[in-house]
Amino acid sequence: MSDARKKYLLSLFSSILMALVIGAVIMAVSGHNPLEGYAVLITGAFGSERSIGNTLYKTAQLCITGIATAVASQGGIFNVGGEGQMYLGAIASCWLGAALNGTSPWLAIPLCLLAAILAGALYAWIPAILKIKLNISEVITTILMNSIAIYFCTYLANGPLKTTEKGIVSGTASLDRAFRFSRLIKGSNLTQTVFMIAVVTLLVWYLMSRTTTGFGMKLTGENSRFARYAGLNAGMLGILGMLISGAMCGMLGMFECFGLQTRFKTDFSNEFYFDGMLVAMIMQYRPLGIILMSFFFGALKIGAVSMQSQTGISSELILIIQSVIIFFMAAQEGLLASLGRHSSARRANRMRGGVKS
Amino acid sequence: MSQEVTPVVSMRHITMQFPGVLANDDVSLDIRKGEIFALVGENGAGKSTLMNILYGMYTPTDGEVLVRGERLFRFDPNEAIRHGIGMVHQHFMLVPSFTVAQNIVLNTEPRRGLFYDFRRANQIVEELVQEYGLAVRPTDTVRDISVGLQQRVEILKALYRGADILILDEPTAVLTPQETDELFDVIRSIVRIRQMTVIIITHKLNEVMAISDRVGVMRQGKLIGVCQTCDVNERILASMMVGKDVLMEPFIREKTKATEPALVVENLSVLDNRGLPAVRGLSLKVFPGEILGIAGIEGNGQSELAEAVTGMRHVQSGQIRILNRDVTGMDPAQIRALGVSHVPEDRIQTGLSGKSDIVDNLVVGREKEPQFSIRGFHLKKKRMKEYAEELSANFDIRGGGIHTPTQSLSGGNMQKVLVAREFSSGSRVMIISQPSRGVDVGAMDFIHRQIMEKRSEGCAILLISADLDELYRLSDRLCTIYEGSITGEFDPSVTEKREVGLYMTGRGEEAGHE
Ligand SMILES: Nc1ncnc2c1ncn2[C@@H]1O[C@H](COP(=O)(O)OP(=O)(O)OP(=O)(O)O)[C@@H](O)[C@H]1O
Ligand SMILES: [Mg+2]
């Protein structure tokens, strides 16, 4: 393992530890027993089949959105617009799904998946092309396009695409039972989609780290002038990262609706994308790190719900813990520099067998 | 001993350990007040690191620094500046979008109330220019001025902050001979008149002889000797540095017999970054097995010429043909695919990706070849590593192994990575700009041999260099460029350098009258 990697892991673990300690202090200050709090949190996340299912599903969700952020940023574009891409993927697939109600799922599901992927990718293509051709900041465009997408979908779900079923005020028509992804563990959120998510995550990871495409994307993201000079198609590689990212988000939108929701509802996402984006940023867009961290954050999120209901400790505590980790990771550079200075000083002293004066 | 005056700088037992690289190994060095001290050594010997420690950029792993007998407790540039130390780095550290004046007063801006007082800033710079005779225009934007001028800005910045110990890290690497002479005049005058102390790092040994009082030689992190400059000569210094003689023999050559040019530029016009004409109706031809040298003072269109030929810059009008194909308007990828390689002058922004390691920087552009990937898709990481090891050994790339990000290599080793990549791709036409900028004598000789080898393989080579000696050593034909046009063509074996120098400055007629 390289020195830099070691230091990075060191600072990651110390950040997590610090965050958990600070979380404990807050619990104690607010009159709770931190040990009890964490114990409940852990049982909340892993205590039953149902909770394990929920934790796994949350992990999968964070993974796919985290990797989606990472793949775009590898090509040099910061995709803040995953939420919007997810909404469009969801509405496109649900609309098509409802239209295909009654046909064979072997026909309908692949078509709906295609629709979701296309919608997400297309919506990501717009900010990407604006960035590459006109150098317009993708951060601004993607944030704005999130709102546009969400309002647009809300309009559709309450207007032209609104279901005619009785008693339902908003949302598209229910999908055929045969189209829905079933739950793997009863009562939990874990649906069959978890396999698809795992496969896609691994495929994109492979693409990013082991292929000529990922290689080109990485160099483009680091220095696009250099990439162009070296004969890479820098513009295309940057856009490709965004297309993949958008496609992944669109796909997740479909999975949410075809799995848990059974149709498009305007509140199907609770800003899922941003949670994953955060994980990706903390892990510096490294795929393996994102997968591991997703598991940690997934467990925290699910565990926190039980913690709140059983001990009264607010689940907002999780936000604090996340923020502290982010804070320390952001301060990493400085922390590492000081750590490095001490350790290399020690090493040199050992080498000459002396004591620091 | 106690009678002797305290040295103005005293570095004692400095050791600097980077991950995997011992950059300075127990170096002790005293600098006397009012002297010009030259520091020389191979690429990666640790010169920049040692001076960065003095300037407070790095905290050494061990050792101490005393300035005028006072020990530095903190290694921090602000602390160093307070002690009167100024440094001009090998790779400049200016803000490109700021004006000259803004850059010079940065961090100590004159204010009027809460606001930056730009009129006062410009005035300060005017005064500095008067005082030190280093002409710059305060209101120019740094991005738009030549490297030679940028360097003046760096020097003025250090002087403005009250430096009286000035460190210059390879200041002449980017200068023309004339600019170098001017710089040396300034150095001599600030030392003589203002009693300043100057430490200068350079790879050009004739400059060491010309300007320094004493010279220190570094090798593999150690300071292996300090001499009075008058006691040594270039050959002694070269062999101290490299550990063996570097001969720089002239090359024996035969003229190419090719009749069909590999590179043809016709009536080319190109704009610079500001949208002003940089290349004006320029034409040239390069034949296989031939080196055409372009001599000119920086900023006369040679950068834009190289960029246009390699597809990096838009062609305004005219035509470029490579191996009988019209490549005008093609992008760099298409031009490379025809068998063109390109050593750009700007290795930091263009020639390398600093965050990526040596492996990726060496393989890029060839990753789809069967040897590096299966079906042009699945990377053969192991083969990439082997390849990087091979090239690192062949081109003597040193510093921390193949997984080092290129941005933490020494300047000369960065250049070697770039040269190694461009010289290994089996190209038939090469555009080479400033190939030995920042490399040591040994490496320069090596790179020159590589270029000659390419020539004998039948490569057509367009060589652009600010170093007239280099052009003379390598070129079959030499063209001078002035204000974007070719002003003359010479056979270097029969033409005096002085005459070429006149054509480079647009005073060709004067040569005719003599
Ligand atoms: N920030 C850094 N991190 C890791 N290694 C470094 C760093 N800076 C320098 N090094 C290593 O330390 C060694 C000495 O580098 P330094 O830049 O001092 O060489 P130099 O003598 O100035 O060479 P050059 O003539 O090529 O500029 C090199 O092997 C380099 O790779
Ligand atoms: Mg250096």
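Calculation rules
Residues numbered from 1 in each chain as written. Chains lettered and ligands numbered in written order. Predicted model: local features only at pLDDT ≥ 70, side-chain atom pairs only at ≥ 80, totals over all residues. Heavy atoms only, no water. Helix = DSSP H or I, 4+ residues; strand = E, 2+ residues; numbered from the N terminus. Rg over C-alpha atoms; globule rule 2.2 N^0.38 Å. Buried < 20%, exposed > 50% of the residue type's maximum accessible area, 1.4 Å probe, protein only. Contact = heavy atoms within 4.5 Å. Areas by Shrake-Rupley, 256 points an atom, 1.4 Å probe, with all protein chains shown as cover. Lys, Arg positive; Asp, Glu negative; His and termini not counted. Charge placed at Lys NZ, Arg CZ, Asp CG, Glu CD. Buried area = accessible area lost by both parts, 1.4 Å probe. Salt bridge = Lys/Arg side-chain N within 4 Å of Asp/Glu carboxyl O. Pairing = 2+ DSSP bridges. Axes fitted to C-alpha atoms, helices over the stretch in contact; angles between N-to-C directions. Near = heavy atom within 4 Å. Polar contact = N/O pair within 3.5 Å; in protein donor to acceptor, adjacent residues only side chain to side chain. Nonpolar A, V, L, I, M, F, W, Y, C, P; charged D, E, K, R; others polar. Domains from an automatic or database assignment. pLDDT = per-residue confidence, 0-100. Core = buried A, V, L, I, M, F, W, Y, C linked by side-chain atoms within 4.5 Å. Expected span 1.5 Å × (residues − 1). Arc of directions from axis to C-beta. Disulfide = S-S within 2.5 Å.

Engineer: Just checking my understanding: could you explain the overall build of chain B for this structure?
Structural biologist: In terms of helices and strands, chain B carries 18 helices and 24 strands. Here the C-alpha atoms of chain B give a radius of gyration of 24 Å, agreeing with the 24 Å that 2.2 N^0.38 yields for 514 residues. Principal axes of the C-alpha set define a box for chain B whose edges measure 75 × 55 × 50 Å. In chain B, which comprises 514 residues, the proportion classed as buried is 56%. A separation of at least 24 residues holds for 66% of the contacts in chain B among residues at least 6 apart in sequence. Approximately 22,200 Å² of chain B is accessible, and the part contributed by carbon and sulfur atoms is 49%. Taken as two groups, the 59 positive and 69 negative side-chain charges of chain B have centres that lie 4 Å from each other.

Engineer: Can you help me understand the interface of chain B and chain A in this one?
Structural biologist: Accessible area lost when the parts come together is the quantity often used to give the size of an interface. Counting residues at the interface gives 40 residues for chain B, matched by 28 residues for chain A. In this assembly, chain B packs against chain A so that about 2,900 Å² is buried in total across both faces, 55% of it on carbon and sulfur atoms. On the chain B side of the contact with chain A, T61, M312 and F377 of chain B bury the most area, a combined 19% of that side's loss. At the boundary of chain B with chain A, the tally comes to 2 salt bridges. E307 of chain B is paired through a salt bridge with R225 of chain A; the nearest N and O atoms lie 3.2 Å apart. Within the residue set of the side of chain B that touches chain A, elements represented by two or more residues are β1 (9-18), α10 (332-337), β18 (340-343), α11 (347-351), α12 (358-363), β20 (378-379), α13 (381-394) and α14 (411-423) of chain B. In terms of residue count, the dominant contributor to the side of chain B that touches chain A is α11 of chain B (4 residues).

Engineer: Hey, could you run me through the pairing of strand β11 (residues 214-219) of chain B in this one?
Structural biologist: Remember that side chains alternate between the two faces of the sheet whenever the strand is regular. Residues and elements named next belong to chain B. Within β11, 5 of the 6 residues are buried, which leaves it mostly tucked inside the rest of the structure. For strand β3 (residues 36-41) and β11, the ladder comprises 5 bridges, and the chain directions are parallel. Opposite A38, over in β11, you have V215 as the bridge partner. Bridge analysis of β11 against strand β12 (residues 222-228) gives 6 bridges, and the strand direction is antiparallel. Across the sheet, M218 pairs through a bridge with L223, a residue of β12.

Engineer: Can you walk me through unusual backbone geometry in this structure?
Structural biologist: Glycine aside, the phi torsion of most residues is negative, and most peptide linkages are trans. Its identity is not glycine, yet Y285 of chain A carries a phi of approximately 65°, on the positive side. Of note, Y285 of chain A is situated in the loop between α11 (272-282) and α12 (287-311). One non-glycine residue, R375 of chain B, adopts positive backbone phi at about 50°. Overall, R375 of chain B belongs to the exposed group, its relative accessible area being 83%.

Engineer: So what exactly am I meant to see when it comes to the sheet that holds strand β24 (residues 485-490) of chain B here?
Structural biologist: Think of a sheet as strands paired side by side through backbone hydrogen bonds, with each pair either parallel or antiparallel. Residue and element names in this part refer to chain B. Here 6 strands make up an open sheet; going across it, the order is β18-β21-β22-β15-β23-β24 and the pairing mixed. Since the sheet does not close on itself, it has two edges, and those belong to β18 and β24, each with one partner. The average angle at which neighbouring strand axes cross in this sheet is 20°, direction not considered. In this structure, strand β21 (residues 429-433) lies alongside strand β22 (residues 460-465), joined through 5 bridges in parallel fashion. Among the inter-strand pairings, V429 is bridged to a residue of β22, identified as A460. Those strands touched by helix α9 (residues 302-309) are β15 (290-295), β18, β21, β22 and β23 (477-482), and its axis lies near 150° from that of β21.

Engineer: Which parts of the structure should I look at to understand the sheet that holds strand β4 (residues 62-67) of chain B?
Structural biologist: All names here are of chain B. Reading across the sheet, the 4 strands line up as β2-β1-β4-β5 and stay open at both edges, with antiparallel pairing between neighbours. Edge positions in the open sheet fall to β2 (21-31) and β5 (70-71), since each of these has one partner strand only. Note: β4 against β5, 2 bridges, orientation antiparallel. The partner of V67 across the bridge, within β5, is E70.

Engineer: Please clarify how the environment of A45 of chain B should be interpreted in this entry.
Structural biologist: All names here are of chain B. Summarising the element assignment, A45 is placed in the loop between β3 and α1 (47-54). With a relative accessible area of 1%, A45 lands in the buried category. Filtering out sequence-adjacent residues up to four positions away, A45 remains in contact with A23, M218, R219, Q220 and G221.

Engineer: Help me out: how do you make sense of the pairing of β24 of chain B in this one?
Structural biologist: Residues and elements named next belong to chain B. Pairing geometry for β23 and β24, over 5 bridges, is antiparallel. When the sheet's bridge partners are listed, Y482 is paired in β24 with S485. Between β23 and β24, which pair antiparallel one after the other, the connecting turn spans 2 residues, and E483 there sits at a positive phi close to 45°.

Engineer: How should the site of ligand 1 be read in this particular structure?
Structural biologist: All names here are of chain B. Around ligand 1 sit 21 residues, and of these G44, S48, T49, S410 and G412 come closest. Taking A45, its main chain carries an N or O atom lying 3.2 Å from an oxygen atom of ligand 1. Between ligand 1 and the protein, one listed contact pairs an oxygen atom with a backbone N or O atom of G412 at 2.7 Å. Coverage of ligand 1 by the protein chains reaches 89% of its 630 Å² of free accessible surface. Taken together, the elements giving at least two residues each to the shell around ligand 1 come down to β2, α1 and α14. Looking at the shell around ligand 1 residue by residue, the class counts come to 6 nonpolar, 12 polar and 3 charged. Structurally, the shell around ligand 1 is a two-domain feature, drawing no fewer than three residues from each of domain 1 (9-242) and domain 2 (263-513).

Engineer: So what exactly am I meant to see when it comes to the confidence of the model for chain A here?
Structural biologist: Do not read the fine detail of predicted coordinates wherever pLDDT is low. Residues and elements named next belong to chain A. With 92% of its residues at a pLDDT of 70 or more, chain A has an overall mean of 87. When mean pLDDT is compared element by element in chain A, helix α8 (residues 212-222) scores highest at 96, while helix α14 (residues 332-352) scores lowest at 53. Across residues 343-357, where pLDDT falls below 50, the model places 13 contacts with residues more than four positions away in sequence or in other chains.

Engineer: Would you mind going over the nonpolar core with me for this structure?
Structural biologist: Here is a general trend for soluble globular proteins: nonpolar side chains tend to be buried in one another's company. Residues M248, F258, F264, M293 and I325 of chain A together with I451 of chain B are the most contacted members of the largest nonpolar core, which totals 141 residues. The element contributing the most residues to this core is helix α10 (residues 234-261) of chain A, with 12 residues. Once residues within four sequence positions are removed from consideration, I451 of chain B is found in contact with I291, F423, I432, P435, I461, L463 and L474 of chain B.

Engineer: Which parts of the structure should I look at to understand the domain arrangement of chain B?
Structural biologist: All names here are of chain B. Once the domains are mapped, chain B shows domain 1 (9-242) and domain 2 (263-513). Taken over C-alpha atoms, the centre of domain 1 sits 29 Å from the centre of domain 2. Counting residues at the interface gives 22 residues for domain 1 and 22 residues for domain 2. Carbon and sulfur atoms make up 57% of the surface buried where domain 1 meets domain 2, a total of about 1,800 Å² over both sides.

Engineer: For this particular structure, what's the right way to read the environment of F268 of chain A?
Structural biologist: Counting through the fold element by element, F268 of chain A comes out in the loop between α10 and α11. Taking the C-alpha atoms as reference points, F268 of chain A and Y87 of chain A, 181 residues apart in sequence, are found 8.8 Å from one another.

Engineer: I'm lost on helix α7 (residues 193-210) of chain A in this one. Help?
Structural biologist: Because each turn of an α-helix spans 3.6 residues, side chains separated by three or four positions in sequence point in the same direction. Residues and elements named next belong to chain A. Here α7 is 18 residues long and its end C-alpha atoms lie 25 Å apart, about the 26 Å a rise of 1.5 Å per residue gives. Those residues of α7 lying buried are T193, V194, I197, V200, T201, V204, L207 and M208. For α7, the buried positions fall inside an angular range of 155° around the axis, keeping them on one side. Exposed and oriented more than 90 degrees from the buried face of α7 are F195 and L203. Contacts made by the buried residues of α7 are with α3 (49-74), α8, α10 and α12.

Engineer: I'm lost on the state of the cysteines in this one. Help?
Structural biologist: One covalent bond between the sulfur atoms of two cysteine residues makes up a disulfide. On inspection of all chains with the given rule, the structure shows 0 disulfides over all chains. In this structure C257 of chain A is a free cysteine whose sulfur lies 3.9 Å from that of C94 of chain A, the closest cysteine sulfur available.

Engineer: So what exactly am I meant to see when it comes to the pattern of salt bridges here?
Structural biologist: Where side chains of opposite charge bring their charged atoms close, a pairing between them can arise. Residues and elements named next belong to chain B. Using the criterion set out here, one finds 34 salt bridges over all chains in the structure. With a shortest N-O distance of 3.6 Å, E266 and R321 are connected by a salt bridge. Within this pair, whereas E266 is found in strand β13 (residues 263-271), its partner R321 is found in strand β16 (residues 317-322), the two being separated by 55 residues in sequence. A residue is classified by how much of its surface remains accessible, and R321, at 26% relative accessible area, is partly exposed. Here E290 makes a salt bridge to R477, at a shortest N to O gap of 2.7 Å. With E290 in strand β15 and R477 in strand β23, this pair connects stretches of sequence that are 187 residues apart. You can call E290 buried: its relative accessible area is 6%.

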